[in-house]
Amino acid sequence: MPRRARWPGREHRLAIETMQEHSIIGRPVPKKDAWLKATGEAKYADDHSLPGMLYGKLLRSPHPHARILHIDTSKAERLPGVRAVATGKDFPGIKYGNLPQTRDYLPLALEKVRYIGDEVAAVAAIDEDMAEEALDLIQVEYEILPAVFDPEEAMQPGAPQLHDHAPDNISSQSAFHFGDADRGFADSDLIQEDIFETQPVKQGMLEPHACIGLWDNTGKITLWASKQSPYVVWRQLAMGLGIEPGKIRLVQTYIGGGFSGGKQEAMPMDFCAVLLSKKSGRPVKFVHTMDEVLTIGHLRHPIKIWLKTGIKKDGTLLAQHCKIIANGGAYSSIGQLSMYIPGAMLNLPYRLPNVKYEAYRIYTNNGFCGAMRGHTLPQICFARDSQLDIIAAKLGVDPIEIRLKNAAQPGEVTPNGFRLTTFGFTECLQRVVEASQWREKHGKLPRYRGIGIGCGSLVSGARLMGHSSSTAEIKVQEDGTVLLVTGSTDVGQGADTVLSMIAAEVLGVQLDDVRFAMVDTDITPVDPGTFSSRVTFWTGNAVKLAAEDARRQLAEIAAQKLEANPEDLIFRDRQVYLRQQPQRGLSFGELVRLAEYRLGRIIMGKGSYTSGEELIDFRTGYGNMSPAYTPSACVVEVEVDPETGQVTVTGIWGAHDCGFPLNPMLVRGQVLGASVMCIGQALYENLIRTQGKVMNPSFRDYKMPLATDVPKLANVEHINIITRDPSGPFGAKEAGEGAATGVIAAVANAVYHATGVRIKSLPISPGKVLFGLKEMQGKGNKPANLVKG
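Residues numbered from 1 in each chain as written. Predicted model: local features only at pLDDT ≥ 70, side-chain atom pairs only at ≥ 80, totals over all residues. Heavy atoms only, no water.

What follows is about the overall build of the chain. The helix and strand inventory of the chain stands at 21 helices and 28 strands. Its C-alpha atoms give the chain a radius of gyration of 28 Å, near enough to 28 Å, the size a compact globule of 789 residues would have. Principal-axis analysis of the C-alpha atoms gives the chain an extent of 85 × 85 × 45 Å. The long-range fraction of contacts in the chain, counting pairs at least 24 apart against all pairs at least 6 apart in sequence, stands at 80%. With the model as given, the accessible surface of the chain reaches about 30500 Å², and the carbon-plus-sulfur share is 52%. Averaging the positions of the 86 positive and the 87 negative side-chain charges in the chain gives two centres separated by 1 Å. (Helix = DSSP H or I, 4+ residues; strand = E, 2+ residues; numbered from the N terminus. Rg over C-alpha atoms; globule rule 2.2 N^0.38 Å. Contact = heavy atoms within 4.5 Å. Areas by Shrake-Rupley, 256 points an atom, 1.4 Å probe, with all protein chains shown as cover. Lys, Arg positive; Asp, Glu negative; His and termini not counted. Charge placed at Lys NZ, Arg CZ, Asp CG, Glu CD.)

Given below as structure tokens:
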């Protein structure tokens, strides 16, 4: 049965389509550049439409694991209004991905499907309704295969194997140790062991994945797409299509939210848009439905964490042994990195001399997982900081004191090789304790109200694999405005504003004078992408260098005009003048026109930045991952309804060492947004899957925090800890991900202190709280806030 009944006016649209076939709109054009110029390329890119554009839809597998025996597309191809159909056999069969050992994606499934939603075929038609109808006419013959959904079951002998190259369904693994963990445990006065579990979570961005593909008859491919790392997609498209990257042009559109991973990689829609364009001679547009956004891959990893910690009576941490098993889903994404990060960051923000770490990312017949804001750090911090509170209670010490005692300090080198330059963790703790009135509240609040703390740390960009440098180019225009070009994208974090501010500050112009160009791989410099909170630090440094290069060129010309030394010149408020004689000078615009009109010099500055660190050795886990690290501390206050188990966050106070906040309003927005996002994972969000099928693929059923779930502004405070990192642009470091890493633990600890119920699996749902309260009442226990310590 078709998805939708036939609709009024269908014949009218077919008549229009027939007319278009005899007009220039539908014809292949001999020169794409001339056609785009005639039709106004920028206008159509902004409107997300092109002349004669078709609409694409993807056919997805209804089975979690099956062999594809035959696909018959003949009926779909004969449907009026359908212009092209594609299956996996239309592609060269080259797997693509991030690392050579984890390349397991295909543009469309070729021999097997591995999760419900795996892409099998694609169609392009004159409108979305007709494309949907065509999908119903594609007949796929499957051989159903045994499926496995639990990672521990998938590791067992005899379990269904998803990929031939991965025995025991191990997608990737990481194992390393630093110091002597066995000796550390032997010297410990207290050893605590716990198991924690986290759930699958989706980014839930309001703008779905979308793209327009055009493969013209010169062989040039253009993809307009909302991608947070366009050059990652550019390379993966070339890989999966088996062509040179130079034949592909990727133009970034406004992203509308990616949350550090949701729009990071090439997707089947991207490959199908360009291939269907080649087949039809038309541009093809794909837009995912919200059901698809919540069903397909790139989830936050659900992880089972076994954590063992050894500590002295005085609260000194001696050793940790951590084992994790992650449900990776059907494909790898960036799974190797996902398994390295939790173990590497066990070393921060606490001083930990001995660490042993083992991690396994397992293939299962579920939607696949990738990066998401904080990239596995909120999960590991939930476990570690929950356990720290358990240990503090057993030792009879305040949770703050145990953290202060073990706080890492500036200038230290962690056992795994992280070099801490600025690191204001102690001040983070002190300021957040003061702001939240911790000492007046902890253990003293009324029954069913509690306060908890969680802490974390993050990199300011990381050099982990392949190309990691950032480049910026600045062109100074004759009217005194500045064109700034980088390969970095703004995913809502305000990168275009901050990078423009850096350029304006160096050149002495106003922010309004700077124009920030969106990424176009034919024009903009190659860039790793927007992830690991790298853009302000890495691209910001590149922009600063490029602006300084342009300023140096202008200063030489101004010095000749003013008969002065370039070092004595000040660039400020669109003026260039002598430091000691401000009355001697000229306007910025006059200086640029002097350079161009009189001297024939076009002012263009270039700058590139990389940390200079060696790539991390994933086999040993050793190396300095980032040029700078940001610690954070978060205190959360909650109220629990004992009748329903409902947890309400009534206050949140956070302190974050961001080096220097270049734009305090943006920093605050990013920190609060990250905090609310993690409150969602702590209390509400859970992608419910039964036998691989997502049961809540809509915002009606997938519960995310609403504005009414956020505390009143009077009880929300963000504190910037100013440390001015010498490596960052104007002292700036990461801001946007790190502040979220400790939030989930803070919520869990607050719930424990309100109720005495220690919940070690996410989300902390009303049902879990009620069950814990009833179990505790049966044992005659009191809420933790009524117990000393």
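Taken together, three strands build an open sheet; the order of strands is E4-E2-E6 and the sheet is antiparallel. Of all strands in the sheet, those bounded by a partner on one side alone are strand E4 (112-113) and strand E6 (139-144). With two bridges joining them, strand E2 (residues 66-72) and E4 adopt antiparallel strand pairing. Bridging across to E4, Arg67 finds its partner in Lys112. (Pairing = 2+ DSSP bridges.)

Bringing the packing of aromatic side chains into the picture now. Applying the stated criterion across every chain, the model contains 18 aromatic pairs. Arranged with centres 6.4 Å apart and planes meeting at 75°, the rings of Tyr115 and Tyr331 form a pair that is edge-to-face. Here Tyr331 lies in the loop between strand E14 (317-329) and helix H11 (335-344) and Tyr115 lies in the loop between E4 and strand E5 (119-125), a separation of 216 residues in the sequence. Each member of the pair Tyr115 and Tyr331 is classed as buried. Aromatic pair Phe196 and Phe382: ring centres 5.6 Å apart, planes at 75°, arrangement edge-to-face. Taken together, the positions of Phe196 in strand E8 (residues 190-197) and Phe382 in helix H12 (residues 377-395) put the pair 186 residues apart, joining distant regions of the chain. The pair formed by Phe196 and Phe382 is uniform in burial state, with each residue classed as buried. Ring pairing ties together the aromatic residues Phe91, Tyr96, Tyr105, Tyr115, Phe271, Tyr331 and Phe368, which thus form one cluster. The ring of Phe531 is capped by Arg534, whose NZ or CZ atom sits 6.0 Å from the centre of that ring. The ring of Phe196 carries the charged tip of Lys760 above its face, separated from the ring centre by 6.0 Å. (Phe/Tyr/Trp six-rings, centres within 6.5 Å; stacked < 30°, edge-to-face > 60°. Buried < 20%, exposed > 50% of the residue type's maximum accessible area, 1.4 Å probe, protein only. Lys NZ or Arg CZ within 6 Å of the ring centre and 35° of its normal.)

Along its sequence, the chain is carved into domain 1 (45-145 + 209-287), domain 2 (375-462 + 626-786) and domain 3 (469-609). Using C-alpha coordinates to define each centre, domain 2 is positioned 39 Å away from domain 3. Tallying the contact residues gives 20 residues for domain 2 and 19 residues for domain 3. Together, the buried faces of domain 2 and domain 3 total about 1500 Å²; carbon and sulfur atoms form 68% of this surface. Where domain 2 packs against domain 3, one counts zero salt bridges. Between the two partners, domain 2 and domain 3, sit six residue pairs in polar contact (both at pLDDT 80 or more). (Domains from an automatic or database assignment. Buried area = accessible area lost by both parts, 1.4 Å probe. Salt bridge = Lys/Arg side-chain N within 4 Å of Asp/Glu carboxyl O. Polar contact = N/O pair within 3.5 Å; in protein donor to acceptor, adjacent residues only side chain to side chain.)

Before going further, it helps to examine the packing of helix H8 (residues 230-241) against helix H9 (residues 268-280). At a minimum axis distance of 11 Å, the contact between H8 and H9 shows a crossing angle of 60°. The orientation of H8 relative to H9 falls into the category oblique. Between H8 and H9 lies a crossing whose hand is right-handed. Only Asp270, Phe271 and Val274 of H9 make contact with H8, whose side of the interface consists of Val233, Gln236, Leu237, Gly240 and Leu241. The residue makeup of the contact of H8 with H9, split by class, is five nonpolar, two polar and one charged. (Axes fitted to C-alpha atoms, helices over the stretch in contact; angles between N-to-C directions. Parallel < 35°, antiparallel > 145°, perpendicular 65-115°, else oblique. Left-handed = near helix turned anticlockwise from the far one by under 90°. Nonpolar A, V, L, I, M, F, W, Y, C, P; charged D, E, K, R; others polar.)

In this section: the side chain of Thr741. Inspection of the secondary structure assignment puts Thr741 in the loop between strand E28 (716-722) and helix H20 (743-755). Within polar-contact distance, the side chain of Thr741 engages the backbone oxygen of Gly738 at 2.7 Å. Filtering out sequence-adjacent residues up to four positions away, Thr741 remains in contact with Leu377, Pro378, Cys381, Gly456, Ser457, Leu458 and Ser632.

By definition, a disulfide is the covalent link that joins the sulfur atoms of two cysteine residues. Summed over the entire model, instances satisfying the criterion amount to zero disulfides. Here Cys455 stays free of any disulfide, with the sulfur of Cys428 as its closest cysteine sulfur at 8.2 Å. Taking the relative accessible area as the measure of exposure, Cys455 reaches 0% and is therefore buried. (Disulfide = S-S within 2.5 Å.)

Turning next to the nonpolar core. Counting residues in each nonpolar core, the largest one holds 95 residues, and the members touching the most others are Ile305, Ile324, Tyr340, Met625, Val638, Leu683 and Ile764. Not counting chain neighbours up to four residues away, the residues in contact with Ile764 comprise Ala682, Leu683, Val747, Ala748, Val751, Ile759 and Val769. Ranked by size, the runner-up nonpolar core spans 54 residues in total, among them Leu58, Ala86, Trp234 and Ala266. (Core = buried A, V, L, I, M, F, W, Y, C linked by side-chain atoms within 4.5 Å.)

The subject of this paragraph is the pattern of salt bridges. Using the criterion set out here, one finds 31 salt bridges in the structure. Between Glu119 and Arg60 there is a salt bridge whose closest N-O contact spans 2.7 Å. Note that Glu119 is positioned in strand E5 and Arg60 in strand E1 (residues 54-60), a separation of 59 residues in sequence. Just as Glu119 is buried, Arg60 falls in that class too. For Asp385, the salt bridge goes to Arg384, with nearest N and O atoms at 3.2 Å. Classification of Asp385 as buried rests on a relative accessible area of 0%. Relative accessible area serves as the criterion here: at 3%, Arg384 is assigned to the buried category. When salt bridges with common partners are traced through the structure, they connect Arg384, Asp385, Asp389 and Arg403 into a single cluster.

Exposure remark for Phe382: the relative accessible area of 0% places this residue in the buried category. The spacing of Phe382 and Ile305 is 77 residues in sequence and 9.9 Å in space, taken between C-alpha atoms. Other than its neighbours up to four places away in sequence, Phe382 contacts Phe196, Glu197, Thr198, Ile744, Ala745, Ala748, Ile759, Lys760, Ser761 and Leu762.

Its 19 residues give H12 an end-to-end C-alpha distance of 26 Å, which sits within 8% of 27 Å, the value for a rise of 1.5 Å per residue. When you tally the buried positions in H12, you get 16 out of 19 residues, the bulk of the element. Note on H12: the residue one or two positions beyond its end, Gly396, has a positive phi of about 75°. (Expected span 1.5 Å × (residues − 1).)

Right, let's talk about the packing of helix H16 (residues 495-507) against helix H17 (residues 535-562) for a bit. Axis angle and axis distance: for two packed helices, these are the angle between their axes and the distance between the axes, and together they describe the pair. Taken N-terminus to C-terminus, the directions of H16 and H17 make an angle of 30°; their axes are 9 Å apart at the nearest point. Taken together, H16 and H17 sit at an angle that is classed as roughly parallel. At the point where H16 passes H17, the crossing takes the right-handed sense. Of H17, the residues touching H16 (which contributes Ala495, Val498, Leu499, Ile502, Ala503, Val506 and Leu507) are Val535, Thr536, Thr539, Gly540, Val543, Lys544, Ala547, Glu548, Ala550 and Arg551. Across the contact of H16 with H17, the residue classes tally to eleven nonpolar, three polar and three charged.

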